[in-house]
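Survey of secondary and tertiary structure
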Amino acid sequence: QVQLVESGGGSVQTGGSLRLSCAASGISTRIRVMGWYRQAPGKQRELVAKITGDGRTSYADPVKGRFTISRDDIKKTVSLQMYSLTPEDTSVYSCAAGAPGVPDIKNPSYWGQGTQVTVSS
């Protein structure tokens, strides 16, 4: 059974930091692009950050310079370190795993259940 389990969400004030983690089981993460999406109420889901199997990263413009994605394929974990959070970052953040060998994560094969991040002003 494949599972992506997120942890680390919570409530912080503007300017605060959070670290999200995603633990994968039942799949090999090494051959997949891994990423984090977020969706705020009334808004479309957006890809926040992704990381390829060889460690190349890319970020959505609103989070560049503030968020860092990393992966540990031995532990099968993907993390998202978030700094300088603002109320606009308030969303449900979900971990996603791409299909094996596919160089993007536009259509993830697997999703986590999501974790709430709330940033207050």
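Attention in this report is confined to the structure presented alongside it. Everything numeric in this text was worked out from a predicted model, so none of it was measured.

1. Side note on the overall build of the protein
Helix and strand counts for the protein stand at zero helices and 11 strands. Ordered by position from the N terminus, the helices and strands of the protein form the series β-β-β-β-β-β-β-β-β-β-β. Relative to the compact-globule value of 14 Å for 121 residues, the protein shows a C-alpha radius of gyration of 13 Å, a close match. In terms of its C-alpha atoms, the protein occupies a principal-axis envelope of roughly 40 × 25 × 25 Å. Taking the contacts inside the protein whose residues are at least 6 apart along the sequence as the reference set, 58% of them involve residues at least 24 apart. Counting every atom, the protein has about 6,300 Å² of accessible surface; 48% of that belongs to carbon and sulfur. On the protein, the mean spot of the 14 positive side-chain charges and the mean spot of the 9 negative ones are 4 Å from each other.

2. With respect to the sheet that holds strand 7 (residues 67-72)
The four strands are arranged 1-3-8-7 in an open sheet whose pairing can be described as antiparallel. The strands lining the two open edges of the sheet, one partner per strand, are strand 1 (3-7) and strand 7. Each neighbouring strand pair of the sheet contributes to a mean axis angle of 15°, computed without reference to strand direction.

3. Some words on the pairing of strand 9 (residues 91-97)
Counting buried positions along strand 9 yields six of seven residues, so the element is predominantly enclosed. Where strand 9 meets strand 11 (residues 115-120), three bridges bridge the pair, whose relative direction is antiparallel. Across the sheet, residue Val-92 finds its bridge partner in strand 11, namely Gln-116. The sheet contact formed by strand 9 and strand 10 (residues 110-111) spans two bridges and is antiparallel. Among the inter-strand pairings, Ala-96 is bridged to a residue of strand 10, identified as Trp-111.

4. Considering the pattern of salt bridges
Within this structure, the stated rule accounts for six salt bridges. Here Asp-89 and Arg-66 are joined by a salt bridge, their closest N and O atoms 2.8 Å apart. Here the residue Asp-89 occupies a position in the loop between strand 8 (77-82) and strand 9, and Arg-66 occupies one in the loop between strand 6 (57-59) and strand 7, the gap between them amounting to 23 residues. One exposure class covers both Asp-89 and Arg-66, and it is buried. Overlapping salt bridges, with partners in common, bring together Arg-38, Glu-46, Arg-66 and Asp-89 in one network.

5. Re the side chain of Ser-79
As for its placement among the helices and strands, Ser-79 is situated in strand 8. The exposure class of Ser-79 is buried, given its relative accessible area of 8%. Once residues within four sequence positions are removed from consideration, Ser-79 is found in contact with Arg-19, Leu-20, Ser-21, Trp-36, Thr-68, Ile-69 and Ser-70.

6. Focus on the state of the cysteines
Applying the stated criterion across every chain, the model contains one disulfide. Each disulfide pairs two cysteine sulfurs, and for Cys-22 the partner residue is Cys-95, the sulfurs being separated by 2.1 Å. When the S-S torsion is -75°, as for the bridge of Cys-22 with Cys-95, the disulfide is left-handed. Residue Cys-22 is located in strand 3 (residues 18-25), and its partner Cys-95 is located in strand 9; the two are separated by 73 residues in the primary sequence. Overall, the relative accessible area of 1% leaves Cys-22 in the buried class.

Cut-off values and rules
- Every chain begins its residue count from 1, and numbering advances along the sequence as written.
- At least 70 in pLDDT is required for a residue's local features to be given in this predicted model, at least 80 for side-chain atom pairs to be given and counted, and no such filter applies to totals for whole chains, interfaces and linings, which use all residues.
- In computing side-chain properties, one takes all heavy atoms of the structure into account and sets aside hydrogens as well as water.
- Segments assigned H or I by DSSP are reported as helices when at least four residues long, segments assigned E as strands when at least two residues long, and all are numbered from the N terminus.
- Just to be clear, the radius of gyration here is over C-alpha atoms, and the globule rule we use is 2.2 Å times residues to the power 0.38.
- Contacts are residue-level and defined by heavy atoms, with any inter-residue pair within 4.5 Å sufficient.
- Throughout, the Shrake-Rupley method with a 1.4 Å probe supplies accessible areas, and for residues the shown protein chains are the sole cover considered.
- Positive charge is attributed to Lys and Arg, negative charge to Asp and Glu, and no charge count is given to His or to the chain ends.
- The atoms used to mark charge sites are NZ of Lys, CZ of Arg, CG of Asp and CD of Glu.
- If DSSP finds at least two bridges between two strands, the strands pair.
- Comment: axis = line fitted to C-alpha atoms, over the contacting stretch for helices; angle = value between 0 and 180 degrees taken between N-to-C directions.
- A 1.4 Å probe rolled over the protein chains alone gives each residue an accessible area, and that area as a share of the maximum for its type sets the label: buried under 20%, exposed over 50%, partly exposed in between.
- Definition used for salt bridges: Asp or Glu carboxyl oxygen within 4 Å of a side-chain nitrogen of Lys or Arg.
- The definition used for a disulfide is geometric: two cysteine sulfur atoms within 2.5 Å.

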